[in-house]
Amino acid sequence: MASGDSGAGAQLTRSQVAIRFAGVVAGGALVLYAATRSDLDSGTVSLAQLQLIGDADHVPDNDIVATDVLGAYWWDLLLVVGYTLLLGAWADLACRGYRLRFMRSTARHACLGAVVGAAALDLLETTLMRWQFQDRPVAGRLDDLVWPVIAAANWAKILALFVVVVVVLGGIASYVSTPRWLRAAIARSEVPEQDDSASLQGHDHGGRRERSPLGIALSGGGVRSASISLGALQDLEYDGGDLGWDRASHVTAVSGGAYMAGAFQVARNRPPGRHRPDAEPDAWRRSGSGVLSPEERHLLSNLGYLTAREPRGHTTQDLFGEERTPSGNTRAGYHRASAVATLLAGLLANVIVLWAALGVLILPYGWLMQWLEVPNIVDPSRALRTLVGRQNIVQPGLIWLGLGLVLTLSWVLVSKVPRLRKSRALLGALEGGSRLGLGLGLFFLTAFVALPWLSGHLPTSGQGLLSAVVAAAAALGAQARLLVKPAARFANKIGGVAFLAMLVIVVALWTRVAFAQAPDLERVVSLHPQLSTPLVSWLLLVGFLVATWFAVSPESWSLSAFYRGRLRMAYATYRTSEDHATCMVNDSDQDFDHHRYREPALKSYAARVSPGREGQPDLSTPLTICAASTTTTRAVRTHYGIPALSVTFSPEKVRVFVPEDGRDAFTTLECTTEAMHAAYDSKWWKPRGRLTTMFAVAVSGAAVSPAMGRFRIGPTSMLLTFANVRLGVWLPNPRYVDEVRWGDGRSFPKARLGYLFKEFFGIHDPTDAFLYVTDGGHWENTGLVELLRLSDYQEIVCIDADQGPADRVRALAQAVDLAKLECDVDVNIDLDALRASRDAGGGPPYAARSVTLGLVHTRDHTGVLWYAKPALTRDMPTQLLAHREVRQDFPRASTLNQFFDTSTFFAYRDLGRYNAWQIRRARKQLRQVLADHPTYEGFRQAMEQTAPTEANWAGCQLHDCLRREPRERRDTGYEEVRAALRVETPPPPAPRPSYDDVEQGLEAKQDARELAGQG
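Described below are features of the structure shown in this document. (Residues numbered from 1 in each chain as written. Predicted model: local features only at pLDDT ≥ 70, side-chain atom pairs only at ≥ 80, totals over all residues. Heavy atoms only, no water.)

## Quick word on the overall build of the chain
Phase 1: Secondary structure assignment for the chain yields 32 helices and 19 strands.
Phase 2: Residues counted as buried form 51% of the 1015 residues belonging to the chain.
Phase 3: Put simply, 74% of the contacts in the chain that link residues at least 6 apart link residues at least 24 apart.
Phase 4: A total of about 46,200 Å² of accessible surface is found on the chain, and carbon and sulfur atoms cover 59% of it. (Helix = DSSP H or I, 4+ residues; strand = E, 2+ residues; numbered from the N terminus. Buried < 20%, exposed > 50% of the residue type's maximum accessible area, 1.4 Å probe, protein only. Contact = heavy atoms within 4.5 Å. Areas by Shrake-Rupley, 256 points an atom, 1.4 Å probe, with all protein chains shown as cover.)

Listed below in structure tokens is the structure:
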């Protein structure tokens, strides 16, 4: 096993392992030997019961008990030594089995601290008991203080030992479920070596970066963004335009933009292979006559893809070219379960697993409450209410809480004393003690007071409980109504708070049921062969969870497969004839029928060398799909406090970018897409499918997930996990994926049940074997930052579909900030022209323009940025302005609205076309202006004498951008802009002849005429 804190993954030597196993054997022997002799011989009360009494009035006061306590003292000390050795050695070994480094370190230190603390508390309570019975005249005066302290120490000891056992079992389970090669890879990655292929690969920022003529960035925004991106991509290449898909060196796409970018890749860049249709260069292309392409007609027929059971065609042919029967079914038997059935099945599976885990915890707790209560109380509600009033149950929490408050006060006072605050050990001890005391106090008061009180006071009838829930919901609704605007920022957390309230009520009710059906304690302690029904039920729950842990992955019932299947049904198309497009099939990604076309793997689009063109690889597709991975560890210092990392999918690489201190400093965790495909398609993952384009698109569009990066949702993550609203994917960590090599029996492990609980509690670490990958907009929504990270560009076209307010340019502003920190790229752009202002007559907010121009500066390069935003302008086509009158949310419909009708789809598509047309027109005008002014000085003088108009705004905008540049960079920047736009400098005009040259020319002509006359 790898060490959790020393050496960052150092391995234990055989001698070290032998020493620890010797400690386990010796400790076990001491425990077995001393346990039978440390109990009391009188039989009236056990030593454990005596330690938990906590009340001097209930302590047996006789010489027999005193003699037994004094006699068992030394055996109890031997028992303490035994379980300290046993649990300490086991903890040191088992905690090294955790995959995460911080888990190994935290678990190891916590377990060893808990073992030592339990031993210290055990010695304290045993010593106090010995003193009480050995010196009764003196100690008897402090009975009311000593016995509660003994009980408080014993409860803390029991809790500490319970935590140690649970953590040790978790470490063992993690160790067993992690292949040896993966443990070795994790250990190597934590100690990077210069020649180690598994070490972290940092980005080399020295030297010159790749230069590319054109890059396109498509933002996220669901179907809204997909529609806008379609229109923009169509118009950018319309009528011979040179800013389109086929001219781009790189295209980055996020979420909804990835829907359409993935559709372009699948239809236009079909890699060769068996059972694959040919590529269609004209797929999705705009027709000059206005006729829709086959792909558009197919998408229009399937705008309700999320609820459809099969793809809807626009002809009488079905998916496989067969005629439909009158009922609409195909003879091929193509059929999916309905969306409602899929959602309910996943929800049921999720609820069963989480409910079983809750039952495993709650049933023993309810039994413990019964065992602590007097046995003659029949009514469980009354029993639980009585339990709260028992002094010996309340006192442990009060004692620990009081101790924590005293230590907190001491910590504050000591930190103000100059001499004492220099002692880090003293301050650390006070800080740790105060946190421990407060934590234990709150835990015991919650477990022994709050929950029993709530369980006893909840309505016993279903009608009364329903009334209480409805009343609570009404009160919450009324409160929210009063605080609509002030509470708007907390709207995404209200659902989580309501879920926690419901969970507390369920726990309280289940506690009452378990209290009433608790098994007999004597039979449980004596391991009686005839087990009670409640105990059998609990054992069955434990067995179910263990079997589920090793046999099933929570990915099996998440919504990710359903989601990408529906996306593939609508967007991933290929043509079976010149005028007919059908969709890809096999939404489960499994290779069960080679007679049906299935989507090619993402790796098959990688650059390859064509025969006869060695050394000149052809780039099959320019697409890079952007996603995000949430991180909750403090070891990663994300920029602007965004708790997420950027993840990209391309045909060549799968990359995760981990920022470091400083600008343009990050670590790249990467693997080849082929290796990721092998890891995801290995034998453990056969039910989950293959890494395809639409797989990456669905991950990039997983907008609603328990982990949402920069959108902090608090306890709502628990609600989303419980309801199985899990669109994200647990992806094998690229850091370790290259370790999967065929031929040696290796396969990447599955994401087991523990990852479902990590989603529930929000535990995400970039060093884990799996990363939870979701919507790229959870990190940055325009795709511009990742485009700038890939290369230096002469021109960039950024098509934004931001949902933000009309008077703000929030998405672009965030991208500009991140671009400087992540890529050391300066973006010089004017945002004011895009801000909309409310019409004085009460009409919609209009902006001056929906597109603008900016400059992008790297260390030694300047490029042009064309940016388009969904905004209303007064010179828009009439049909767009008319659609605004019908749909008040146009052009910023909610991303959650995935059910566009035909008119809405056309409106957003035409908005994308309009913005792209504005870019092409402005670009043409700007090229003409630059051609007329070869030097910056001439350009500057011309622009200063020109008033901005709709026809020349691009030149004026460029002039404003250059004017904001340092003087020494203006001339160079102007020349680079001319080069980026491929402006040809006209040849210099011929010099005007001088007077003497004219005279000489005239004389020469006269002489020639005279000679001709003489001849």
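## Thoughts on the pattern of salt bridges
Phase 1: Under the defined criterion, the tally for this structure stands at 34 salt bridges.
Phase 2: With its nearest N and O atoms 2.7 Å apart, the salt bridge here joins Arg923 to Glu795. Placement of Arg923 in helix H28 (residues 902–932) and of Glu795 in strand S14 (residues 792–799) is noted, with a sequence separation of 128 residues between them.
Phase 3: The buried category is assigned to Arg923, whose relative accessible area is 6%.
Phase 4: Among the residues examined, Glu795 registers a relative accessible area of 1% and is labelled buried.
Phase 5: Put simply, Arg969 and Glu965 hold a salt bridge, and the shortest N to O gap is 3.7 Å.
Phase 6: When salt bridges with common partners are traced through the structure, they connect Glu237, Asp246, Arg268, Asp282 and Arg285 into a single cluster. (Salt bridge = Lys/Arg side-chain N within 4 Å of Asp/Glu carboxyl O.)

## Description of the side chain of Thr624
Phase 1: Structurally, Thr624 is set in strand S8 (residues 623–630).
Phase 2: Ignoring sequence-local partners within four residues, the contact set of Thr624 consists of Val251, Thr252, Ala253, Thr648, Phe649, Ser650 and Leu790.

## So, the environment of Leu398
Phase 1: Its place among the elements puts Leu398 in helix H13 (residues 391–415).
Phase 2: Residue classification places Leu398 among the partly exposed residues on the basis of a relative accessible area of 48%.
Phase 3: In this structure, the C-alpha to C-alpha distance between Leu398 and Phe444, residues 46 residues apart in sequence, is 8.3 Å.

## Let's talk about the packing of aromatic side chains
Phase 1: Across all of its chains, the model carries 23 aromatic pairs by this definition.
Phase 2: Plain terms: the ring middles of Phe21 and Trp90 are 6.4 Å apart, the flat faces sit at 75 degrees to each other, and that makes the pair edge-to-face. Of the two residues, Phe21 sits in helix H1 (residues 14–35) while Trp90 sits in helix H3 (residues 63–94), which places them 69 residues apart along the sequence.
Phase 3: Accessibility expressed as a relative area gives 42% for Phe21, which makes it partly exposed.
Phase 4: Through pairs of rings, three or more aromatic residues link up here, namely Trp355, Phe499, Trp510, Phe722, Phe760 and Phe761.
Phase 5: Sitting over the ring of Tyr238, Arg286 keeps its end group 4.4 Å from the ring centre.
Phase 6: One residue, Arg789, lies across the ring of Phe657, its end atom 4.0 Å from the ring centre. (Phe/Tyr/Trp six-rings, centres within 6.5 Å; stacked < 30°, edge-to-face > 60°. Lys NZ or Arg CZ within 6 Å of the ring centre and 35° of its normal.)

## Looking at the environment of Glu795
Phase 1: C-alpha separation for the pair Glu795 and Ser212, spaced 583 residues apart in sequence, amounts to 8.4 Å.
Phase 2: When residues no more than four places from it in sequence are discounted, the contact partners of Glu795 are Pro213, Leu214, Gly215, Leu243, Val864, Trp866, Arg923, Ala980, Leu981 and Arg982.
Phase 3: Here the side chain of Glu795 touches Trp866 through a polar contact of 3.1 Å, side chain to side chain. (Polar contact = N/O pair within 3.5 Å; in protein donor to acceptor, adjacent residues only side chain to side chain.)

## Section: a nonpolar patch on the surface
Phase 1: Where nonpolar side chains cluster on the molecular surface, the patch consists of Phe21, Trp90, Val165, Leu169, Ile172, Val176, Val546 and Phe550 and spans about 690 Å² of accessible area.
Phase 2: In terms of residue count, helix H6 (residues 143–177) provides more of the nonpolar patch than any other element does, four residues in total.
Phase 3: Tracing the backbone shows Val165 in helix H6.
Phase 4: Judged by relative accessible area, which is 40%, Val165 ranks as partly exposed. (Patch = residues over 30% accessible without salt bridge, like charges linked within 9 Å, V, L, I, M, F, W, Y side chains within 5 Å.)

## Digging into the environment of Ala868
Phase 1: Structurally, Ala868 is set in strand S19 (residues 862–868).
Phase 2: Taking the relative accessible area as the measure of exposure, Ala868 reaches 0% and is therefore buried.
Phase 3: It is 5.8 Å that separates the C-alpha atoms of Ala868 and Ser850, two residues lying 18 residues apart in sequence.
Phase 4: When near neighbours in sequence (up to four residues on either side) are disregarded, Ala868 contacts Cys798, Ile799, Asp800, Ser850, Val851, Asn915 and Ile919.

## Quick notes on unusual backbone geometry
Phase 1: The omega torsion across Phe890 and Pro891 is 5 degrees, close enough to zero to call that bond cis.
Phase 2: Here Pro891 is to be found in the loop between helix H27 (878–886) and H28.
Phase 3: Residue Asp239 is not a glycine yet carries a positive backbone phi of 55 degrees.
Phase 4: If you trace the backbone, Asp239 turns up in the loop between helix H8 (222–236) and strand S3 (250–254).
Phase 5: On the basis of relative accessibility, which here comes to 70%, the residue Asp239 falls in the exposed class.
Phase 6: Despite not being glycine, Arg982 has its phi angle at roughly 55 degrees, a positive value.

## What to know about helix H14 (residues 424–457)
Phase 1: With 34 residues, H14 extends 47 Å from end C-alpha to end C-alpha; this agrees with the ideal 50 Å at 1.5 Å per step.
Phase 2: At Thr446, H14 shows its largest kink, close to 40 degrees. (Expected span 1.5 Å × (residues − 1). Bend = angle between axes of the 7 residues up to and from the residue.)

## Side note on helix H31 (residues 967–980)
Phase 1: With 14 residues, H31 ought to run about 20 Å at 1.5 Å a step, and its terminal C-alpha atoms sit 20 Å apart, in line with that.
Phase 2: Among the residues of H31, those classed as buried are Arg970, Gly973, Tyr974, Val977, Arg978 and Ala980.
Phase 3: At its buried positions, H31 is contacted by S14, strand S18 (851–857), S19, H28, helix H29 (936–944) and helix H30 (953–963).
Phase 4: Of the residues flanking the end of H31, it is Arg982, one or two places downstream, whose phi is positive at about 55 degrees.

## A few points about the pairing of S18
Phase 1: Taken across its seven residues, S18 has seven buried, putting it largely inside the fold.
Phase 2: Here S18 shows no split at all, with Val851, Leu853, Leu855 and His857 on one side and Thr852, Gly854 and Val856 on the other all buried.
Phase 3: Pairing between strand S15 (residues 826–829) and S18: four bridges, direction antiparallel. Along S18, the bridge assignment pairs Val827 with Val856.
Phase 4: Examined bridge by bridge, S18 and S19 share seven bridges and lie antiparallel to one another. Bridged to Leu855 within S19 is Val864.
Phase 5: Connecting S18 to the next strand, S19, in antiparallel fashion are four residues. (Pairing = 2+ DSSP bridges.)

These results come straight from atomic positions and should not be treated as a statement about function.
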